[in-house]
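Read off the chains here:
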Amino acid sequence: MLIVMESGADENKIQKIVNFIKDKGFDAHVSKGEDHTVIGAVGRKVIDKRDIELLEGVQEVIRISSPYKLVSRVFKQSDTVIDVNGVKIGGGHVGMIAGPCSVESYDQMDITASKLSSCGVKILRGGAFKPRTSPYAFQGLGEEGLKILREVADKYSMAVTSEVMEVSQIPMFLEYVDILQVGARNMQNFNLLKHLGEIRKPVLLKRGLSSTIEEWLMSAEYIMSGGNREVILCERGIRTFEHMTRNTLDISAIPVVQKISHLPILVDPSHATGLRDKVAPMSKAAIAAGADGLIIEVHHSPETALCDGAQSLYPEDFRVLFDDLKVLAKVVNKKF
Ligand code: PEP
Ligand code: MN
């Protein structure tokens, strides 16, 4: 951290700042320029920079080290590759996850999974506990939904992911799912994240509705600091002033995250756009931009879906997209 003193700040003021940061456990390196004195605070302690900004004689405080450690490429240079029952995600491997928004019945999951599996999809999605804006909307089948998801996935030799909403559900999820999904609305549920740090299964961490990339990476840091090193990030669109799409897909988050972090990053074009006809173009854009995979909503009968039918692809459309993506992946040097 660099502390820039006001022009003409005297020795007394400089010394007070030096003493303050030393008391907080930092080393202080003072550099006197013609106009300004700059104090470099070096150390591994955490300090709120506003506490220094408020001190007398301080003009500006510039943070130069990142607040995340374990998620960063400084900690681990090579891409993290996560293996989900033999399916690799990250480090040049594209992971494809597809399925309906919610598990509605055995037959619904069976029809969808059989079609997806015949395309080559190896990870099935389906919500059993749904975070709905309205308490009157379909809330999911609960544990029954997880059982159906597992049973159907086993029938087609697929892995599964589903959203866990609270700490008390974690043991139940460990029984049924291969990847525990943290939804956008829970990205900063720090208690949940801490508990997910204690498990040894991959966590798919969605970006919060209005979260910055730094906040998102800090949430990943919560999970990793608990000892769980298998975090998959997922960009699912953020809230902006634009209303033509459900959210605004931040494609630039892909290269931004990949420069800072070794963790794989997926894109969810379904929740990002909220509209079926926008899913294929955004999926292609994401793979072209270097995403490590996609999570796409597919329903055998979107018109009758209990949740997110408008953004769900028909299985036939998904097949066409999947084949296109295979071609595209080769162009950007990714293995499907
Ligand atoms: C979902 O994947 O079903 C979901 C609710 O997504 P998000 O948390 O990104 O809104
Ligand atoms: Mn959904």
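Definitions and cut-offs
Residues numbered from 1 in each chain as written. Chains lettered and ligands numbered in written order. Predicted model: local features only at pLDDT ≥ 70, side-chain atom pairs only at ≥ 80, totals over all residues. Heavy atoms only, no water. Core = buried A, V, L, I, M, F, W, Y, C linked by side-chain atoms within 4.5 Å. Buried < 20%, exposed > 50% of the residue type's maximum accessible area, 1.4 Å probe, protein only. Helix = DSSP H or I, 4+ residues; strand = E, 2+ residues; numbered from the N terminus. Contact = heavy atoms within 4.5 Å. Pairing = 2+ DSSP bridges. Expected span 1.5 Å × (residues − 1). Arc of directions from axis to C-beta. 1 Å grid on protein atoms, 1.4 Å probe; cavity = no way out; pocket = protein on both sides within 12 Å on 5 of 7 lines; lining within 4 Å. Points joined across faces, edges and corners; volume = space filled by probe spheres on them. Nonpolar A, V, L, I, M, F, W, Y, C, P; charged D, E, K, R; others polar. Axes fitted to C-alpha atoms, helices over the stretch in contact; angles between N-to-C directions. Parallel < 35°, antiparallel > 145°, perpendicular 65-115°, else oblique. Left-handed = near helix turned anticlockwise from the far one by under 90°. Near = heavy atom within 4 Å. Polar contact = N/O pair within 3.5 Å; in protein donor to acceptor, adjacent residues only side chain to side chain. Areas by Shrake-Rupley, 256 points an atom, 1.4 Å probe, with all protein chains shown as cover. Sits in = over half its atoms within 2 Å of the grid points. Salt bridge = Lys/Arg side-chain N within 4 Å of Asp/Glu carboxyl O.

(A) Representation of the nonpolar core in the model. Formed by 64 residues in total, the largest nonpolar core has its most connected members in Leu 124, Leu 196, Leu 205, Trp 216, Leu 233, Ile 296 and Phe 318. Per-element accounting of this core gives the leading share, 6 residues, to helix 7 (residues 213-225). Other than its neighbours up to four places away in sequence, Ile 296 contacts Met 96, Ile 97, Ala 98, Gly 99, Arg 125, Pro 269, Ser 270, Val 279, Ser 283, Leu 313, Phe 318 and Leu 321. Counting 16 residues, the second-largest nonpolar core is a separate cluster that includes Ile 17, Phe 26, Ile 39 and Ile 52.

(B) Focus on the pairing of strand 7 (residues 95-99). Counting buried residues along strand 7, 5 of its 5 residues qualify, which places the element largely inside the surrounding structure. Neither face of strand 7 is exposed, since Gly 95, Ile 97 and Gly 99 on one face and Met 96 and Ala 98 on the opposite face are all buried. With 5 bridges joining them, strand 7 and strand 14 (residues 293-297) adopt parallel strand pairing. Counted as the bridge partner of Met 96 is Leu 294 from strand 14.

(C) Representation of helix 1 (residues 11-23) within the structure. Helix length check: helix 1, at 13 residues, gives a terminal C-alpha distance of 18 Å against a target of 18 Å (1.5 Å per residue), a fit within 8%. What helix 1 keeps buried is the set Ile 14, Ile 17, Val 18 and Ile 21. Buried positions in helix 1, seen along its axis, are confined to an arc of 100 degrees and lie on one side of it. In helix 1, the exposed positions that point more than 90 degrees away from the buried face belong to Lys 16 and Asp 23. Against the buried residues of helix 1 lie strand 1 (2-5), strand 2 (27-32), strand 3 (37-42), helix 2 (49-53) and strand 4 (58-62). Directly beyond the C-terminal end of helix 1, a positive phi value near 100 degrees is found at Gly 25.

(D) The layout of surface pockets, seen in detail. Computed from the structure, the largest pocket encloses a volume of approximately 730 Å³. Along the walls of the largest pocket sit 23 residues, with Lys 45, Ser 65, Ser 66, Pro 67 and Lys 69 positioned nearest its centre. Across the lining of the largest pocket, the residue classes tally to 13 nonpolar, 4 polar and 6 charged. In this structure, the second largest pocket spans a volume of roughly 300 Å³. Contributing to the lining of the second largest pocket are 22 residues, with Pro 131, Arg 185, Arg 246, His 271 and Asp 308 lying nearest its centre. Of the residues contributing to the lining of the second largest pocket, the split by class is 5 nonpolar, 8 polar and 9 charged.

(E) Spotlight on the packing of helix 10 (residues 276-288) against helix 11 (residues 315-331). Contact geometry of helix 10 with helix 11 gives a least axis separation of 10 Å together with a crossing angle of 20 degrees. Accordingly, the angle class assigned to the pair helix 10 and helix 11 is roughly parallel. Judged by the sense of rotation from one axis to the other, the crossing of helix 10 with helix 11 is right-handed. Within the contact between the two elements, helix 10 uses Ala 280, Ser 283, Lys 284, Ile 287 and Ala 288 and helix 11 uses Leu 321, Asp 324, Leu 325, Leu 328 and Ala 329. Its residues assigned to classes, the contact of helix 10 with helix 11 comprises 7 nonpolar, 1 polar and 2 charged.

(F) Quick look at the site of ligand 1. Around ligand 1, a shell composed of Arg 125, Lys 130, Glu 163, Gln 181, Gly 183, Ala 184, Arg 185, Lys 206, Arg 236, His 271 and Glu 297 is seen. A distance of 2.8 Å separates an oxygen atom of ligand 1 from a polar side-chain atom of Arg 125. One of the side-chain N or O atoms of Lys 206 is found 2.9 Å from an oxygen atom in ligand 1. Compared with its free state, where it exposes 290 Å², ligand 1 has 97% of that area covered by protein. Structurally, ligand 1 is housed in the second largest pocket. Here the shell around ligand 1 is built from residues that sort into 1 nonpolar, 3 polar and 7 charged.

(G) Structural detail: the sheet that holds strand 3. One open sheet accounts for 4 strands, arranged 2-3-1-4; its pairing is antiparallel. Each edge of the open sheet carries a strand with a single partner, namely strand 2 and strand 4. Averaged over neighbouring strand pairs, the angle between their axes works out to 20 degrees when direction is ignored. Two strands pair when backbone bridges link them, and strand 1 and strand 3 are joined in this way by 3 bridges, in the antiparallel orientation. Considered in strand 3, the bridge of Leu 2 is made with Gly 40.

(H) Local environment of the pattern of salt bridges. Inspection of every chain in the model, using the stated rule, returns 19 salt bridges. Taking the shortest distance from any N to any O, the salt bridge between Lys 206 and Asp 268 comes out at 2.6 Å. Linking Lys 206 in strand 11 (residues 203-206) with Asp 268 in the loop between strand 13 (265-267) and helix 9 (269-273), this pair joins segments that are 62 residues apart in sequence. Comparing Lys 206 with Asp 268, the two get one shared label, buried. Salt-bridge contacts for Lys 334 lead to Asp 292; the nearest nitrogen and oxygen are separated by 3.3 Å. With a gap of 42 residues between them, Lys 334 in the segment after helix 11 and Asp 292 in the loop between helix 10 and strand 14 connect regions that are remote in the sequence. Taken together, the shared-partner salt bridges in this structure form one network comprising Arg 150, Asp 154 and Asp 178.

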